[in-house]
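# An overview of the molecular structure
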Amino acid sequence: MLRKVRVRLPVGRPRTRPGAVAADKAYSSRGNRAYLRKRNIKAVIPEKKDQTANRKKKGARGGRPISHDADLYKERNTVERLINKLKAWRGIATRYDKAPESYLAGLHLRAAMIWIDDLLKVAD
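Everything quoted here is computed from the prediction, not taken from an experiment.

## Re the packing of helix 4 (residues 76–87) against helix 6 (residues 100–123)
It is at 9 Å that the axes of helix 4 and helix 6 come closest, and there the two elements cross at 110 degrees. As far as their axial angle goes, helix 6 and helix 4 are roughly perpendicular. Residues Leu 82, Lys 85 and Leu 86 of helix 4 touch helix 6, and the partners they reach there are Leu 107, Arg 110, Ala 111, Ile 114 and Asp 118.

Next comes the structure, spelled out in structure tokens:
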């Protein structure tokens, strides 16, 4: 999933390396963190309680505690709200389209609908 991320700035082509990735505890695996570290991307992912306990149990061999930017993590709710808007469309929420291309087309269509709706709200 992280390989598909594209970040678009107001001008220019999409970048393939965002400055930071905010995710919930489900994505705090060693593999995800290693991938982000290899690409010099800041991981804003809190550590799971069981991972913290295992690290502390190992003592000095457990490594340093994982830190994350709590203020940046709070901004993650913007993405969560967008996902909830996308899932308000039944076809996306229930994943009726089994083919990845059809599902992606549905996501694009729903995103366009949300964008147009937001434009109309601003125009009023």
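Here the narrative resumes, following the displayed structure.
## Section: the environment of Thr 78
The topology assignment puts Thr 78 in helix 4. Counting along the chain gives 10 residues from Thr 78 to Ala 88, while the straight-line C-alpha distance between them is 16 Å.

## Describing the layout of surface pockets
Size it by volume and the second largest pocket reaches roughly 390 Å³. Every element with two or more residues in the lining of the second largest pocket is listed here: helix 1 (30–38) and helix 2 (49–57).

Cut-offs and rules
Residues numbered from 1 in each chain as written. Predicted model: local features only at pLDDT ≥ 70, side-chain atom pairs only at ≥ 80, totals over all residues. Heavy atoms only, no water. Axes fitted to C-alpha atoms, helices over the stretch in contact; angles between N-to-C directions. Helix = DSSP H or I, 4+ residues; strand = E, 2+ residues; numbered from the N terminus. Parallel < 35°, antiparallel > 145°, perpendicular 65-115°, else oblique. Contact = heavy atoms within 4.5 Å. 1 Å grid on protein atoms, 1.4 Å probe; cavity = no way out; pocket = protein on both sides within 12 Å on 5 of 7 lines; lining within 4 Å. Points joined across faces, edges and corners; volume = space filled by probe spheres on them.

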